[in-house]
Amino acid sequence: MIIRQMSEEDLPRVYAIAMSSLDEYYLPEVFSYFLNQWPGGQIVACSAAGKVIGFICGSRLGPDRVGIALLAVERQNRCQGIGSELLATLRRRAVTEGAYTVQLEVRIENKAAIDFYRARGFIIAESLPMFYSNGGDAIRMIGTTVQNS
Ligand SMILES: CC(C)(COP(=O)(O)OP(=O)(O)OC[C@H]1O[C@@H](n2cnc3c(N)ncnc32)[C@H](O)[C@@H]1OP(=O)(O)O)[C@@H](O)C(=O)NCCC(=O)NCCS
């Protein structure tokens, strides 16, 4: 597996993975927006053959804080450590830019993702009723960027 920064050419594959893995609908422009806003915080995982199989989109929320806007790994490639590696890479990137707090919102029913983040040092900070466009609830989780488990 190869982890590298995302480029414009990756966007169609990233979009396809997002659409098949995430519950929300996203406009394709959202991904270009993240890429322009913080190129270093957009990271992909590729198979040995070079195919993009997962990605993470980070956002800068302030001088000391980054957000995880999107994280997804293609279904058939899950539970192989790819999501962990994407998260760890984003955390390291944030540290090099002086940001030590990382936050994210996750659907309250997404137990797999909540457990994934909890096992990697995140704690539940607050609940966000009606956070999603379809009226679903989210929880906000917070972690440090230096804790790299
Ligand atoms: C969350 C996600 C990115 C994790 O990616 P991954 O490559 O499978 O992650 P890893 O292989 O590094 O780690 C998987 C961990 O999650 C657990 N896990 C993954 N899928 C699971 C599932 N369906 N049910 C229970 N646990 C699950 C594994 O047991 C493993 O836990 P552990 O290593 O702490 O014991 C991936 O499941 C995914 O794309 N989910 C759909 C999109 C999503 O929910 N994104 C997050 C919203 S913010």
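Attention in this report is confined to the structure presented alongside it. (Residues numbered from 1 in each chain as written. Predicted model: local features only at pLDDT ≥ 70, side-chain atom pairs only at ≥ 80, totals over all residues.)

### Here we look at the site of the ligand
What counts is decided by this rule: Using the backbone to place each C-beta atom, any residue with that atom within 6 Å of a molecule or strand is considered near it. Strands are runs of DSSP state E lasting at least two residues, helices are runs of H or I lasting at least four, and both sets are numbered from the N terminus onward.
In the vicinity of the ligand lie 20 residues, with Arg78, Gly83, Ser84, Ala112 and Ala119 positioned nearest. A total of 4 residues in the shell around the ligand trace back to one element, the largest contributor, which is helix α4 (residues 111–118).

### Structural notes on the sheet that holds strand β7 (residues 138–144)
Going by this rule: Pairing between two strands is assigned when DSSP locates at least 2 bridges connecting them. The angle between two axes is taken between their N-to-C directions and runs from 0 to 180 degrees, where each axis is a line fitted to C-alpha atoms and a helix contributes only its stretch in contact. For every residue pair, C-beta atoms are placed from the backbone, and the pair is scored as a contact if these atoms sit within 7 Å.
With respect to topology, 7 strands assemble into an open sheet ordered β1-β2-β3-β4-β5-β7-β6, the strand pairing being mixed. Strand pairing shows two members of the sheet lacking a second neighbour, β1 (2–5) and β6 (123–128), which therefore form its edges. Geometrically, the sheet is characterised by an average inter-axis angle of 25° between neighbouring strands, direction not taken into account. Relative to strand β2 (residues 42–46), β1 runs antiparallel, the two sharing 4 bridges. Along β2, the bridge assignment pairs Gln5 with Ile43. Its contacts with the sheet place helix α2 (residues 29–37) against β2, β3 (52–62) and β4 (65–73), and it is angled at close to 60° to β3. Relative to β3, helix α3 (residues 82–96) is tilted by about 30°, and along the sheet it contacts β1, β2, β3, β4 and β5 (101–107).

### Concerning the pairing of β7
Across 7 bridges, β5 lies against β7 in antiparallel orientation. Across the sheet, Glu105 pairs through a bridge with Arg140, a residue of β7. Where β6 meets β7, 5 bridges bridge the pair, whose relative direction is antiparallel. Paired with Leu128 across the bridge in β7 is Ala138.

### Observations concerning the environment of Val106
With respect to the helices and strands, the residue Val106 is situated in strand β5. Once residues within four sequence positions are removed from consideration, Val106 is found in contact with Ala113, Ile114, Tyr117, Ala138, Ile139 and Met141.

### Description of the pairing of β3
Relative to β3, β2 runs antiparallel, the two sharing 5 bridges. Each bridged residue has a counterpart across the sheet, and for Val44 the counterpart in β3 is Phe55. As consecutive antiparallel partners, β2 and β3 are separated by 5 residues, and within that stretch Gly50 has a phi angle of approximately 95°, a positive value.

### Considerations on unusual backbone geometry
Convention followed: Remark: C-beta atoms are placed from the backbone, and a residue is labelled buried if 20 or more other C-beta atoms sit within 10 Å of its own, exposed if 12 or fewer do, or partly exposed between those counts.
Phi at Cys79 is positive, roughly 60°, even though this residue is not glycine. Counting through the fold element by element, Cys79 comes out in the loop between β4 and α3. Judged by C-beta crowding, with 10 C-beta atoms within 10 Å, Cys79 ranks as exposed.

Distances and angles like these do not, on their own, reveal function.
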